[in-house]
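Notes for the structure review
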Amino acid sequence: MRIEFWKRLPLRRQLMLAVNGLLLLVVVLFLVVGHGVRIREAKQEKRIALREEAKTVYESIDTIANRGNEAIQQLIDDVCARMNSSESPGHHIAVEWQGSSMQAKSHGRASHDMFRAMRAAAGDSNHPPTDSYSLVAAKFAGPHGAIYVSESESTALRGARQELLRQVIVVLFGSALAGLMVHLVLRGVITKPLRRLVDTLGRIGDGDLEAKAEERSCQELTYLSERLNAMTKKLATADRDRRLHMKKARDIQQHLRPTNGEIEGVETAELFEPADDVGGDYYDVIPLGEGRCLLCLADVSGHGVPAAMAATVIKSLVLEAIELTDSPAEILTRLNRRYAAIIMAGHFATMVVVVLDNTAQTLTCANAGHEPPFIQEPGQTVTRLEIGDLMLGVDETLCYTEQSRSISGGSKIVLVSDGVTESFDPDDKQFGTKRVSQIMADSTNGVAQLVEDFSEALKRFRRSRPPFDDTTLLAAELVKG
């Protein structure tokens with residue numbers, strides 16, 4: 001009976017049902033498989049973001065570890081409270097630091113089982129998984145301990161589930177439209193023209209925006225070809241606009257760079273290599289008058305356009321602060337207060353500010369979780385000014401401290417971002433701070449040559465491996481009187 005019923009149907013309807021049935025089956029399989037892929041990608045992206053946060057928290061804890069466990073507890077409580085109050089309601093941080101274990105307590109999720117679940121979710125083979133918690137977690141381990149950062153799985157996968165719902169709606173609408181299209185176009189031979197159109201679409205999807213659709217076998221395909229060509233033209237225009245805008249963004253960032261060689265008694269040079277078209281590192285050399293100048297370097301978490309925008313905000317806040325004070329500690333305190341109020345939660349930044357006084361032969365420094373400056377006086381080994389407070393954007397009420405030391409003429413000062421010290425070679429070895437000190441010790445010429453030495457050393461070290469983060473280095477030398 002069913003076969004007879006099928007045979008009595010018009011050919012057009014048979015084809016429409018067969019094509020739409022097969023299309024529906026393919027789409028359902030695509031949705032099922034695609035949803036699984038999106039879930040895995042969403043978890044992986046979240047783990048990468050959490051590991052970046054864990055790395056940043058580790059660096060901050062390493063900076064303040066000498067203050068004791070109470071300071072570490074306060075840091076992770078502040079970070080967790082800020083994240084849980086915004087876009088990450090399931091956010092949690094746990095710390096294993098020099099034999100001590102701590103968890104954020106600001107949201108009431110701290111427990112032994114929670115810590116165990118975080119270790120398991122972060123891939124710690126010594127801790128089997130537990131069914132008590134559904135977490136996405138990441139771990140960053142260093143010489144002094146390990147940082148675990150987690151988020152509830154439901155929060156991390158919310159976007160993938162919403163995308164599935166949107167696709168289902170689109171598929172239902174598209175299926176109805178496809179049925180109508182099949183009914184209209186199954187009056188002639190269309191297989192080869194459609195195949196050529198699909199090939200053209202594939203070329204466009206692969207980035208060939210010069211591809212043209214030339215199908216004219218029927219009115220419908222003629223219209224489709226014209227619309228496809230119009231779409232390709234718009235895509236090409238949009239791509240040119242995007243490239244132009246990114247070029248303008250690069251030009252603006254280059255324009256914001258300092259002009260060296262204009263400060264009496266101080267010579268400066270820099271290395272600036274963004275990982276993307278624009279970078280999230282900010283550095284500056286600002287004359288203060290009377291033989292004094294300000295050097296600063298900031299590193300916003302992440303890179304690309306969002307980080308570059310945050311770096312531009314930092315520059316404007318620095319210029320605003322030095323109108324009122326030239327104290328590095330006060331500059332960071334004022335900047336942090338404004339930065340925390342302006343920037344979205346989670347966009348932390350590290351920063352170091354140094355004031356050189358060539359007349360008094362002194363150096364004054366304040367540090368917000370950044371790499372301490374490297375200092376080499378003539379004939380002496382390279383030292384570092386070990387001072388540090390919390391990074392910018394964590395605690396807007398924090399008052400930063402500063403430290404001063406004498407410095408002689410001919411001394412060199414080098415500030416670096418972690419894109420220098422944390423560069424990796426193809427064997428996953430890190431450039432490290434010892435290489436920075438060694439390059440300074442081996443360089444006997446001025447700061448321009450010193451920066452060139454750093455550039456060549458980084459190229460040799462990385463070999464063919466591209467940098468994963470913005471690379472910035474600022475060098476200064478007090479000219480001997």
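Refer to the preceding data block for the structure.
Below: a short report on this structure. (Residues numbered from 1 in each chain as written. Predicted model: local features only at pLDDT ≥ 70, side-chain atom pairs only at ≥ 80, totals over all residues. Heavy atoms only, no water.)

Quick word on the overall build of the chain
A tally of regular secondary structure across the chain gives 13 helices and 14 strands. In the chain, buried positions account for 46% of the 481 residues. Partitioning the contacts of the chain with sequence separation of at least 6, the portion at a separation of at least 24 is 66%. Of the accessible surface of the chain, which amounts to about 25100 Å², a share of 55% is contributed by carbon and sulfur atoms. (Helix = DSSP H or I, 4+ residues; strand = E, 2+ residues; numbered from the N terminus. Buried < 20%, exposed > 50% of the residue type's maximum accessible area, 1.4 Å probe, protein only. Contact = heavy atoms within 4.5 Å. Areas by Shrake-Rupley, 256 points an atom, 1.4 Å probe, with all protein chains shown as cover.)

Regarding the sheet that holds strand E1 (residues 92–97)
On the basis of which strands lie adjacent, the open sheet formed by four strands has the order E2-E1-E4-E3 and antiparallel pairing. On the outer flanks of this sheet lie strand E2 (100–103) and strand E3 (135–142), each paired with one strand and no other. Taken pair by pair, the neighbouring strands of this sheet meet at an average axis angle of 15 degrees, ignoring direction. Examined bridge by bridge, E3 and strand E4 (residues 145–152) share eight bridges and lie antiparallel to one another. Pairing of Ala138 across the sheet is with Val149, part of E4. (Pairing = 2+ DSSP bridges. Axes fitted to C-alpha atoms, helices over the stretch in contact; angles between N-to-C directions.)

Comments concerning the side chain of Arg292
For Arg292, the position within the fold is in strand E7 (residues 292–300). Judged by its relative accessible area of 17%, Arg292 falls in the buried class. Side chain to side chain, Arg292 and Asp326 meet in a polar contact 2.7 Å long. Those residues within four positions of Arg292 in sequence are excluded, and the remaining contacts are Pro287, Asp326, Val355, Leu356 and Asp357. (Polar contact = N/O pair within 3.5 Å; in protein donor to acceptor, adjacent residues only side chain to side chain.)

Considering the side chain of Ser150
The topology assignment puts Ser150 in strand E4. Note on Ser150: relative accessible area 0%, which makes it buried. Not counting the four nearest positions on each side in its chain, Ser150 is found in contact with Leu50, Gly90, His91, His92, Met114, Met118, Leu135, Val136 and Ala137.

Let's talk about unusual backbone geometry
Phi at Gln361 takes a positive value of approximately 55 degrees, unusual for a residue other than glycine. Structurally, the position occupied by Gln361 is in the loop between strand E8 (349–357) and strand E9 (362–368). If you check the backbone angles, Asp428 has positive phi at about 65 degrees while not being a glycine. Among the secondary structure elements, Asp428 is positioned in the loop between helix H11 (418–421) and helix H12 (432–442).

Digging into the environment of Asp470
Among the secondary structure elements, Asp470 is positioned in the loop between helix H13 (447–462) and strand E14 (471–478). Expressed as a C-alpha distance, the spacing of Asp470 and Gly280, which sit 190 residues apart in the sequence, is 6.8 Å.

Overview of a nonpolar patch on the surface
A surface patch of nonpolar side chains, about 390 Å² in accessible area, is lined by Leu22, Leu25, Val26 and Leu29. By the secondary structure assignment, Leu22 is in helix H2 (residues 11–64). Among the residues examined, Leu22 registers a relative accessible area of 54% and is labelled exposed. (Patch = residues over 30% accessible without salt bridge, like charges linked within 9 Å, V, L, I, M, F, W, Y side chains within 5 Å. Salt bridge = Lys/Arg side-chain N within 4 Å of Asp/Glu carboxyl O.)

A closer look at helix H4 (residues 112–121)
Listed in full, the buried residues belonging to H4 are Met114, Phe115, Ala117, Met118, Arg119 and Ala120. Taken from the residues just after H4, Gly123 is the one with a positive phi, measuring 90 degrees.

Points about the pattern of salt bridges
Opposite charge on two side chains makes pairing possible when the charged atoms of those side chains draw close. Following the criterion strictly, the structure yields 15 salt bridges and no others. Residues Arg462 and Glu273 are paired through a salt bridge, measuring 3.5 Å at the closest nitrogen-oxygen approach. Here Arg462 is found in helix H13, whereas its partner Glu273 is found in strand E5 (residues 266–273), with 189 residues between them in sequence. Residue Arg462 is classed as buried on the basis of its relative accessible area, which comes to 6%. With a shortest N-O distance of 2.7 Å, Asp284 and Lys315 are connected by a salt bridge. One end of the pair, Asp284, is in strand E6 (residues 281–289); the other, Lys315, is in helix H9 (residues 305–321), with 31 residues separating them in the sequence. Each member of the pair, Asp284 as well as Lys315, is classed as buried.

A closer look at the packing of H12 against H13
Here H12 crosses H13 at 135 degrees, and the two axes come no closer than 10 Å. With respect to H13, the element H12 is oriented oblique. Crossing angle aside, the handedness with which H12 passes H13 is right-handed. Along the contact surface, H12 presents Arg435, Val436, Ile439 and Met440, while H13 presents Leu450, Asp453, Phe454, Ala457 and Phe461. In terms of residue class, the contact of H12 with H13 is built from seven nonpolar, no polar and two charged. (Parallel < 35°, antiparallel > 145°, perpendicular 65-115°, else oblique. Left-handed = near helix turned anticlockwise from the far one by under 90°. Nonpolar A, V, L, I, M, F, W, Y, C, P; charged D, E, K, R; others polar.)

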